[in-house]
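Understanding the architecture of this molecule
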Amino acid sequence: MSTDRPAPTVPQSDLTVIDLPEVRRRDFPADFLWGSATASYQIEGACDEDGRGESIWDRFCATPGRIRDGSSGAVACDHYHRWPADLDLARTLGTNAYRFSIAWPRIFAQGRGGKPNAKGLDFYSRLVDGALERGLQPWATLYHWDLPQALQEQGGWATRSTVSAYLEYTDAVTRHLGDRVKHWITQNEPWCTSFLGHHEGNHAPGVRNYATAMQVCHHLLLSHGLAVPEIRRNVPQGRVGITLSLHPPTAASDSAADAAAVSRHDGSRNRWFLDPLNGRGYPADVLALLGPAAPRVLPGDLEAIAAATDFLGINYYFPEMVADAPDAGPIATRVVERPGVERTAFGWEVSPDGMVTLLDRVWRDYRPAEIYLTENGSTYDDVVRPDGSILDLQRRSYLARHLRAAQQAIARGVPLKGYFAWSLLDNFEWAEGYLRRFGLTYVDFDTQKRTLKASGEWYRDFLRA
Ligand code: FCB
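Just so it is clear, the model here is predicted, and its values are computed rather than measured. (Residues numbered from 1 in each chain as written. Predicted model: local features only at pLDDT ≥ 70, side-chain atom pairs only at ≥ 80, totals over all residues. Heavy atoms only, no water.)

A closer look at unusual backbone geometry
Across the junction of alanine 204 and proline 205, the peptide omega takes the value 5°, indicating a cis bond. As for its placement among the helices and strands, proline 205 is situated in the loop between α8 (190–198) and α9 (210–234). At the junction of tryptophan 422 and serine 423, the peptide bond is cis and its omega measures out at 10° in the coordinates. Although it is not a glycine, glutamate 189 adopts a positive phi angle of roughly 50°. In this structure, glutamate 189 sits in the loop between β4 (183–188) and α8. A relative accessible area of 4% places glutamate 189 in the buried class. If you check the backbone angles, alanine 332 has positive phi at about 55° while not being a glycine. Relative to the assigned elements, alanine 332 resides in the loop between β8 (320–324) and β9 (333–336). With a relative accessible area of 14%, alanine 332 lands in the buried category. (Helix = DSSP H or I, 4+ residues; strand = E, 2+ residues; numbered from the N terminus. Buried < 20%, exposed > 50% of the residue type's maximum accessible area, 1.4 Å probe, protein only.)

The following block contains the structure:
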């Protein structure tokens with residue numbers, strides 16, 4: 001199995017692409033949704049305020065050696081206090097939607113039980129009102145990785161009782177906000193929670209066990225499926241979906257072994273999620289490879305996971321080139337570097353074409369009613385110039401080229417209905433701490449000053465035109 005976030009030692013390519021293709025807003029459907037995205041732990045800070053409980057990320061960050069720069073999300077962008085100004089920024093960009101996530105430990109400090117924390121609910125209530133006042137359609141993600149630590153101590157996502165705790169939390173939040181928030185994302189990137197958090201161990205809670213990761217993955221999908229009818233009950237006219245991180249795979253060579261590896265990799269990375277969500281159960285070829293590492297599935301689980309949804313959220317960052325690797329775990333594949341290609345500062349390959357291929361394939365094979373790109377973006381080593389501006393030409397080019405790719409996908413018939421740029425703000429990038437900036441807005445973490453980068457200005461001008 002590959003790593004979603006290749007080691008920081010991956011060499012950057014010398015290829016610096018800054019060209020700006022011609023892409024115009026008016027070439028997109030008039031009702032296309034334009035947004036930016038964030039996540040609670042990455043921006044909020046205020047970790048001890050207003051009754052928020054500890055999350056697995058607080059604990060993970062406090063463990064020496066886990067975060068590359070030794071930092072944490074304790075302050076992050078201080079968004080908990082600065083949210084009105086941040087929503088103003090989103091409005092300045094000219095976006096009409098805003099994707100954010102809710103911190104479960106703000107609602108139930110211990111994960112479950114008793115009354116939900118009114119102060120936590122109030123914060124999101126004010127945020128949602130603030131978004132609506134600024135003409136931003138709120139898109140709420142229920143789980144973007146900050147599990148209450150108290151639940152982790154009872155086994156976390158590896159135990160089935162966390163699914164019922166999630167449903168309790170989801171019920172409280174959707175009851176409270178459902179009169180105003182109509183778009184709900186149940187889970188963000190279950191692959192990352194499962195495999196980065198429980199197999200590779202470089203994300204919280206830092207577990208390293210393949211079978212555990214598979215069981216976690218099943219519980220995440222189950223939590224999604226069981227939440228769908230609950231959200232529908234609580235939110236009149238609500239629209240529900242899940243967000244997956246998907247990667248178009250290609251073969252490292254022409255060999256039959258690598259071609260077979262691509263199929264296995266696609267099975268564990270993409271089909272493992274898309275198949276059960278679409279009523280096809282877990283892919284038989286992958287199940288056979290997993291053997292004893294296969295998750296325990298109870299009667300009725302697969303029916304629950306296949307609950308009909310209104311949209312599919314896709315986070316697209318990069319394609320994966322795959323090679324046969326007989327010694328590499330049950331799937332026996334390895335993601336290898338394509339030589340000489342353009343990469344971001346993270347080492348992630350830049351491939352707008354890969355996005356078209358991916359969207360086309362998902363549409364062809366699964367026919368979701370609607371697709372939203374719920375994240376897409378890039379990180380580069382931004383430099384603040386003497387006049388305070390940030391001329392991030394590579395990020396600007398990345399954005400423009402991916403919007404053109406989005407347009408190409410639509411032209412091919414993909415029901416792509418919206419695009420959320422990752423991210424509104426530079427923020428706490430998980431295991432990388434503050435070393436990776438993904439924002440359209442530069443954040444000076446010493447002063448909390450925000451400055452729109454050239455990429456943000458370009459997005460604004462694109463949206464205004
Ligand atoms: C995605 C995560 C998001 C952010 C981007 C760069 O996998 O959903 O929180 O870290 O990567």
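Some remarks on the sheet that holds strand β6 (residues 249–251)
Strands sit in the order β6-β8-β9 across an open sheet of three strands; the sheet is mixed. Among the strands making up the open sheet, the edge pair consists of β6 and β9. The mean angle between the axes of side-by-side strands here comes to 45°, regardless of whether they run parallel or antiparallel. The pairing of β8 with β9 spans four bridges and is classified as antiparallel. Of the residues in β9, the one forming a bridge with valine 322 is valine 335. (Pairing = 2+ DSSP bridges. Axes fitted to C-alpha atoms, helices over the stretch in contact; angles between N-to-C directions.)

Describing the packing of aromatic side chains
All told, the structure shown has 40 aromatic pairs when counted by the stated rule. Each ring, one from tryptophan 272 and one from tyrosine 282, has its centre 4.2 Å from the other, and the planes form 15°; the classification is stacked. Here the residue tryptophan 272 occupies a position in helix α10 (residues 256–277), and tyrosine 282 occupies one in the loop between α10 and α11 (284–290), the gap between them amounting to 10 residues. Taken together through their ring pairs, the aromatic side chains of Tyr41, Trp57, Phe60, Trp145, Phe428, Trp430, Tyr434 and Phe445 make up a single cluster. Lying across the ring of phenylalanine 123, arginine 106 places its NZ or CZ 6.0 Å from the centre. (Phe/Tyr/Trp six-rings, centres within 6.5 Å; stacked < 30°, edge-to-face > 60°. Lys NZ or Arg CZ within 6 Å of the ring centre and 35° of its normal.)

Observations concerning the pattern of salt bridges
Per the stated rule, a full pass over the model turns up 37 salt bridges. Aspartate 327 is paired through a salt bridge with arginine 334; the nearest N and O atoms lie 3.6 Å apart. Among the residues examined, aspartate 327 registers a relative accessible area of 62% and is labelled exposed. A salt bridge links arginine 395 to aspartate 382; its shortest N-O distance comes to 3.0 Å. Of the two residues, arginine 395 is situated in helix α14 (residues 393–411) and aspartate 382 in the loop between β10 (371–375) and α14; the sequence distance between them amounts to 13 residues. An identical accessibility class is assigned to arginine 395 and aspartate 382; each is buried. (Salt bridge = Lys/Arg side-chain N within 4 Å of Asp/Glu carboxyl O.)

Quick notes on empty space enclosed by the protein
One simple way to see leftover space: roll a probe sized like a water molecule over the atoms. Applying the stated criterion across every chain yields a total of five cavities of 30 Å³ or more. Estimated volume of the second largest cavity: approximately 80 Å³. Ile56, Trp57, Trp145, Thr193 and Ala204 are, among the 13 residues lining the second largest cavity, the residues nearest its centre. For the lining of the second largest cavity, the secondary-structure elements that each account for two or more residues are α2 (56–61) and α8. Counting residues per element, the lining of the second largest cavity draws most heavily on α8, which supplies three residues. Of the residues assigned to the lining of the second largest cavity, the class counts are nine nonpolar, four polar and no charged. (1 Å grid on protein atoms, 1.4 Å probe; cavity = no way out; pocket = protein on both sides within 12 Å on 5 of 7 lines; lining within 4 Å. Points joined across faces, edges and corners; volume = space filled by probe spheres on them. Nonpolar A, V, L, I, M, F, W, Y, C, P; charged D, E, K, R; others polar.)

Things to note about the layout of surface pockets
Put simply, the second largest pocket is a space of about 230 Å³. At the level of elements, α10 and β7 (311–315) are the ones that each hand at least two residues to the lining of the second largest pocket. Taken together, the residues of the lining of the second largest pocket sort by class into 11 nonpolar, three polar and three charged.

Side note on the side chain of serine 223
In this fold, serine 223 is placed in helix α9. Looking at serine 223, the relative accessible area reads 0%, which means it is buried. Looking at serine 223, its side chain comes within polar contact range of the main-chain oxygen of leucine 220, at 2.7 Å. Setting aside residues no more than four positions away along its own chain, serine 223 makes contact with Trp157, Val163, Tyr166, Leu167 and Gln187. (Polar contact = N/O pair within 3.5 Å; in protein donor to acceptor, adjacent residues only side chain to side chain. Contact = heavy atoms within 4.5 Å.)

Remarks on the sheet that holds strand β3 (residues 137–141)
Strand pairing in a sheet is mediated by backbone hydrogen bonds. Such pairs are either parallel or antiparallel. Ordered by their spatial adjacency, eight strands build a closed barrel running β1-β2-β3-β4-β5-β7-β10-β11, and the pairing between neighbours is parallel. Going across the sheet, the axis of each strand differs from the next one's by a mean of 25°, ignoring polarity. Packing against the sheet, α10 makes contact with β5 (239–245) and β7, and its axis sits at approximately 160° to β5.

Describing the environment of leucine 89
Topologically, leucine 89 is positioned in helix α3 (residues 79–93). When the C-alpha atoms of leucine 89 and leucine 463 are compared, they prove to be 14 Å apart, with 374 residues separating the residues in sequence. In this structure, leucine 89 is in contact with Leu424, Leu425, Thr441, Arg450 and Leu452, ignoring residues within four places of it in sequence.

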